[in-house]
Each structure stands twice: as C-alpha cells, then as structure tokens.
Amino acid sequence: MSTTRPCSPGDRGPEPSGASGASEGDVPADDAPAGAAAAVPADPSGGRQVRRLSFDDVSGVVPLARDFARQALYAWGWLPAATADRRAAAEDVLLVVSELVTNACLHAEGPDRMEITCDNKVIHIEVSDRGSGQPAPRTPHRAGRPGGHGMFIVQRLCLDWGVVRVPGVAGKKVWAELGAPA
C-alpha cells in the first residue's frame, strides 16, 4: 500500500519548543555536520525515540545508513536479537533502510536526511530527497528479472509506506513503518 499524505501517520506535528533539542553530547539535527547523527531524547509519554542522519556531502550513503540504523537498533534493544523472530525483524529494518536510501540515490539525486523513530510498537523510517518522482512498486512484479524490486520489498515487509510532499517545496519524504518484534 502506498499513500501520499500531507504528514506521516502518527506524526504528532511540530514538537513543542525545546522538546526536540538534543541531549548533552548530541549534535542538533539542524546543525549536524555532513554524515553526522543526532539522537533526540525519548518522548516521556510514549517512549518514542528518534535518530536523525544527514547525508550532506558524504559518499557511501547506503552503508552509512545501514550502520546508522544498526546502531539505533542496538541502542533500542532490538539487537542483539535473542530469538529468530527478533533477528528477522531487525534484518527487515536494515533491508528497508537500504532500499529507501538506494531508491533516493537511483531516482532522486540522492538522499538528504534519514530519520528513524521507534516506540514500543512501530519503527518509522523516513528518507528525504529533492526528487520529484513518485516511488511505486513495478507492476507486474517479475521476480526473475534483475532490478526493480526495491519498493516491492518495502511493500511486502512494511505495515505501511508512503510519500509526504510539502506544497511549494522541492522533494519529498518517503516513509515506511515496520512492527516491533514481539
């Protein structure tokens, strides 16, 4: 399923003043140097945790995004995985990160930023780029042919995914949500 919405599902709107500031030792997301990561403190009401990565002027963005996501999964307790189901859930997250960032590289002049949000039930991945295209699974999907499987994989692994566009602003945010492991 793909949707185009004015905001991501579960988006609580702008954070109150000071609520999205980085904790001591963290780099604020808006001032983060190229390739820098920022951790935003968890939302005390729902246990929501946010990590942001800027891709400005860096190379090797797909491995960088996967490593960043893997570090977040360790910080959030998804890894190391105690069971096969938990390991599979973490691998799904890493695969979806790879596919979304790769699509931004191939079809949208590269990614600008990635944000990963985790609460007790869902992990939300969002990749921003400056592209004008609309991601969509290729139909009909032909499993035996090389290439063109990215959004099909995202569609199959995720609870939901979609695109957020802001009127008058170039680019988009492609987001995907996966369920937390049991």
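Preceding this section is the structure that the text describes.
In this text, all values refer to a predicted model and were calculated from it rather than measured experimentally. (Residues numbered from 1 in each chain as written. Predicted model: local features only at pLDDT ≥ 70, side-chain atom pairs only at ≥ 80, totals over all residues. Heavy atoms only, no water.)

(A) Fine view of helix α1 (residues 61-75). The first and last C-alpha atoms of α1 sit 21 Å apart over 15 residues, in line with the 21 Å expected at 1.5 Å per residue. By the burial criterion, the buried members of α1 are V61, A65, F68, A69, A72 and L73. An end-on view of α1 places all buried positions within 140° of arc, on one side of the element. Immediately downstream of α1, the backbone of G77 shows phi near 85°, a positive value. (Helix = DSSP H or I, 4+ residues; strand = E, 2+ residues; numbered from the N terminus. Expected span 1.5 Å × (residues − 1). Buried < 20%, exposed > 50% of the residue type's maximum accessible area, 1.4 Å probe, protein only. Arc of directions from axis to C-beta.)

(B) Geometry of the pattern of salt bridges. This model, assessed by the stated rule, comprises five salt bridges. Ionic pairing is found between E115 and R52, a salt bridge with its closest N-O pair at 2.7 Å. Here E115 is found in strand β4 (residues 111-118), whereas its partner R52 is found in strand β3 (residues 48-54), with 63 residues between them in sequence. For the pair E115 and R52, one class covers both residues: buried. Here E126 and K173 are joined by a salt bridge, their closest N and O atoms 3.8 Å apart. Taken together, the residues span a long stretch of sequence, with E126 in strand β5 (residues 122-129) and K173 in strand β7 (residues 172-179) at a distance of 47 residues. (Salt bridge = Lys/Arg side-chain N within 4 Å of Asp/Glu carboxyl O.)

(C) The arrangement of the environment of S128 in detail. Summarising the element assignment, S128 is placed in strand β5. What makes S128 buried here is its relative accessible area of 14%. Along the backbone, S128 and V101 are 27 residues apart, and their C-alpha atoms lie at a distance of 9.0 Å. Apart from the residues within four sequence positions on either side, S128 is in contact with P111, D112, R113, K172 and K173. (Contact = heavy atoms within 4.5 Å.)

(D) Structural view of the pairing of β3. Of all the seven residues making up β3, five are buried; the element is thus mostly covered by neighbouring parts of the structure. Judged from the six bridges that link them, β3 and β4 form a sheet pairing that is antiparallel. The residue of β4 that forms the bridge with R51 is I116. (Pairing = 2+ DSSP bridges.)

(E) View of the nonpolar core. Among the nonpolar cores identified, the biggest contains 34 residues, and V97, L100, M114 and I123 are the most heavily contacted of them. Breaking this core down by element, the ones donating at least two residues are α1, α2 (84-107), β4, β5, α3 (150-157), β6 (160-164) and β7. Apart from the residues lying within four places of it in its own chain, the contact partners of M114 are R51, R52, L53, F55, A65, F68, V97, V101, I125, E126 and V127. (Core = buried A, V, L, I, M, F, W, Y, C linked by side-chain atoms within 4.5 Å.)

(F) Fine view of unusual backbone geometry. Across the junction of L79 and P80, the peptide omega takes the value -5°, indicating a cis bond. By secondary structure assignment, the location of P80 is in the loop between α1 and α2. Although it is not a glycine, D57 adopts a positive phi angle of roughly 55°. Residue classification places D57 among the exposed residues on the basis of a relative accessible area of 81%.

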